[in-house]
Amino acid sequence: MAIKRKVEGDDIEPQTKALRSNEPRNNDANSPPSQPQPPLTARPSSSDGSVSSRSSSSSAVVALTNREKRQYKYKESMAILNYQLYCIAKQALASPISNTGSYTRLTNTYIQQAAYLRRIYCKTYGDVAVFGFGECGQLGCGQGMTQSMSPRIVAGLRGIEAGAVASGAIHTLVLTERGEVYSFGCPDEGALGGIAVDEGYQPCKVEDFVTSNFGPNGTGASANVLTFEQRKRLVGNATIVHIAAGETASFALSEDGDLFMWGSYRDKEGRLFRHMPPPDDDRIPTGRKDMSQLNEDETEECFIPPRGTQDWPLHLCMDKKTKDICAGDGWCAAILEDETIVTWGIGTTGEMARKVPPLDKNTPNHVVISEFLTPKPPIWSGLPGKKKVTAIACGCYHLLAVVREGGMNVYGSGLNQYGQLGLGDIVNRHELTKIDFFEGRNIVKVDAGFHFSCFVNNTGKELYCCGRSDYGQLGFSIEPPDSGLYETTPIRVPLVYTIDMSKVTNPKGNCIIESDIVEEDQPEIEQISCGSAHVLVLTKGGDVYSWGYAEFGACGQGKRDTDIMRPQKMESKLANAQGAKYKVKYVSGGIQHSAVVVATDSRE
């Protein structure tokens, strides 16, 4: 996800009109539809496998294990998606006018929605390995382990079956097979969400993912409101399917589209902010802070919402369900169920892509709440109209969004002093602006670091980078670039490439000649994650490539005297107790550390 502190078928409607749960289903592709054609949209089924998110679980599903439940949900959701594809395709084929472009958009949309369902339900679970700088406990290996140049297994998480990790600035989150969350690292700003073990140097479990009645799945009724403890006993913890980590904030997304936050949003002067609790959250607003033990420079106002730290998960009650979440420095963005996006947090340099007032010590709390902490849609440049967003990435102070509008386009907003928006200039943007370079290149994956960005197209074999390059984070030079060097236009960066030194004119600049790239040699990229000034890439073949800032080991390439200028395959000798070699299944880069999920073939 992103990093935090500086280191030296537009004709296919979204899910708002999706297939109703009470309509008769016909999953036989050879049978005619009995209902009007539904839109093509991935709809994760509920905890019982049905389309309705609040239906009661059937006994057949309750008896299943967590992994079997997810497989059941995956097959159910894919059946709905396939039926939608059948209906739309049949209608299109019945038309006397051929429209090849529509078929292409339909196919691309189907692939993206199917990939979303696979990401939610079909994870490979295993152990967690960490590497890099860990002085604040972000490696989770105890106070004696403050740095690791190569991947090291987190012993305290063995056996929990991890499925995903999220590396923040100085903390780390782990998502398990059971939909539970663990955290470790610096606990000072509330980012751990649980009771810190050994001052955060050991993993702790994050509890109390309890939904509010005022969330997207609740009734919003004020009458007969249950207390937090009553709802906890009645409903229990939500099952988490996705996590994200910012500088001092953490997020968890449930399978029902409920979003939880803990930690804080820090402004440029060090003040901490957080959300107001929903009306039915009656827990102590000051959290775990002992108000009788304030320091001389502290006042009670600093710990009353919207100020202070959120010490445990708080349900962010939005009108619509959340589909994806991404965190930046002190702000974040989310894709909602209708494929629109909203932004919120302490963003003042255009990263939230909407107008906000000045923020200083005299800004009233009600302004902070309404203009900064309330999720709102961004402003889009160009032609008006609803944008269908398929992917987002939050850098430190910039936002990237992939939009489906005919083809796939990319938009950017925020700080641009190093050309990280890829717009060919260094002018900041305060609204999402189309990156013309990517017109027709079918970008589907994006990620962003401190002052740079990465883009991957739909083949998974074309990677582009732009922005600041002086730590090697753009991956195209031979020698370390001069301080502050940057590229304002995205440059193709192959993972596998032999540089012809006879053609190199500037070893500190771009040494890649695109016509010399052997396309057949390029591995397909499964996932990309940017740290502050380093990049991790996971290929579908299970290999990991890393490059960029390597002084403290965040690239996992062992002890090095220089940063890594070009993508380099990470060789790991990690093995389990039986001697079976681990394979990496998920990657996440933080500020100066990284975390990955590793598993053996027997756990796939």
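Bear in mind that the values here come from a model prediction, so they are computed numbers and not experimental data.

## Description of the confidence of the model for the chain
Next, step 1: Scored by pLDDT, the chain comes out at a mean of 86, with 86% of its residues at no less than 70.
Next, step 2: In the predicted structure, residues 1–38 sits below a pLDDT of 50 and forms 127 contacts with residues beyond four places in sequence or in another chain.

## Let's talk about the sheet that holds strand β3 (residues 162–167)
Next, step 1: Sheet architecture is open: 4 strands sit in the order β3-β4-β5-β6, paired in antiparallel fashion. Among the strands making up the open sheet, the edge pair consists of β3 and β6 (204–206). Each strand axis lies, on average, 30 degrees off the axis of its neighbour in the sheet, ignoring direction.
Next, step 2: Across 5 bridges, the pairing between strand β4 (residues 171–176) and strand β5 (residues 181–185) is antiparallel. In the sheet register, L173 faces β5, and the bridge partner there is S183.

## Topic: the sheet that holds strand β14 (residues 331–336)
Next, step 1: If you trace the 3 strands from one edge of the open sheet to the other, you get β13-β14-β15, paired in antiparallel fashion. This sheet does not close on itself; its edge strands, each paired only once, are β13 (322–327) and β15 (341–345). Strand-to-strand twist across the sheet, computed as the mean angle between neighbouring axes with direction ignored, equals 20 degrees.
Next, step 2: Relative to β15, β14 is paired through 5 bridges, and the arrangement is antiparallel. Its bridge partner lying in β15, I335 is registered against I341.

## With respect to the nonpolar core
Next, step 1: By size, the foremost hydrophobic cluster in this structure holds 38 residues, and its most contacted members are F251, Y265, I325 and W344.
Next, step 2: The set of elements that each furnish at least two residues to this core consists of β8 (249–254), β9 (259–263), β13, β14, β15, α5 (365–373), β16 (388–394) and β17 (398–405).
Next, step 3: Of all hydrophobic cores here, the second largest spans 25 residues; its members include I491, I512, I528 and A550.

## A short note on the packing of aromatic side chains
Ring pairs (aromatic) are described by centroid distance and by the angle formed between their planes.
Next, step 1: Overall, the coordinates contain 14 aromatic pairs when judged by the stated rule.
Next, step 2: Their ring planes at 85 degrees and their centres at 5.1 Å tell us that W380 and Y411 sit as a pair that is edge-to-face. In this pair, W380 is assigned in the loop between α5 and β16 and Y411 in strand β18 (residues 407–414), connecting sequence segments 31 residues apart.
Next, step 3: The buried category is assigned to Y411, whose relative accessible area is 4%.
Next, step 4: When the centroid spacing of 6.4 Å and the interplanar angle of 70 degrees are considered together, the rings of Y397 and F450 count as edge-to-face.

## Some points on the environment of Y121
Next, step 1: Tracing the backbone through its elements, the reader meets Y121 in helix α3 (residues 100–121).
Next, step 2: Take Y121: its relative accessible area is 2%, and that puts it in the buried class.
Next, step 3: Sequence separation between Y121 and Y72 is 49 residues, and the spatial gap between their C-alpha atoms is 9.3 Å.

## Observations regarding the side chain of T343
Next, step 1: When you line up the elements, T343 lands in strand β15.
Next, step 2: Not counting the four nearest positions on each side in its chain, T343 is found in contact with C332, A333, M352, R354, T374, P375, K376 and L399.

## Overview of the environment of K321
Next, step 1: Mapped onto the elements, K321 comes out in the loop between β12 (310–316) and β13.
Next, step 2: Expressed as a C-alpha distance, the spacing of K321 and L259, which sit 62 residues apart in the sequence, is 8.0 Å.
Next, step 3: Among the polar contacts listed, one links the side chain of K321 to the side chain of N217, at a separation of 3.4 Å.

## Looking at the environment of S264
Next, step 1: Structurally, S264 is set in the loop between β9 and β10 (265–266).
Next, step 2: Using a relative accessible area of 1% as the deciding quantity, one classes S264 as buried.
Next, step 3: Counting along the chain gives 47 residues from S264 to D311, while the straight-line C-alpha distance between them is 8.8 Å.
Next, step 4: Looking at S264, its side chain comes within polar contact range of the main-chain oxygen of E189, at 3.3 Å.

What counts as what
- Residues numbered from 1 in each chain as written.
- Predicted model: local features only at pLDDT ≥ 70, side-chain atom pairs only at ≥ 80, totals over all residues.
- Heavy atoms only, no water.
- pLDDT = per-residue confidence, 0-100.
- Contact = heavy atoms within 4.5 Å.
- Pairing = 2+ DSSP bridges.
- Helix = DSSP H or I, 4+ residues; strand = E, 2+ residues; numbered from the N terminus.
- Axes fitted to C-alpha atoms, helices over the stretch in contact; angles between N-to-C directions.
- Core = buried A, V, L, I, M, F, W, Y, C linked by side-chain atoms within 4.5 Å.
- Buried < 20%, exposed > 50% of the residue type's maximum accessible area, 1.4 Å probe, protein only.
- Phe/Tyr/Trp six-rings, centres within 6.5 Å; stacked < 30°, edge-to-face > 60°.
- Polar contact = N/O pair within 3.5 Å; in protein donor to acceptor, adjacent residues only side chain to side chain.

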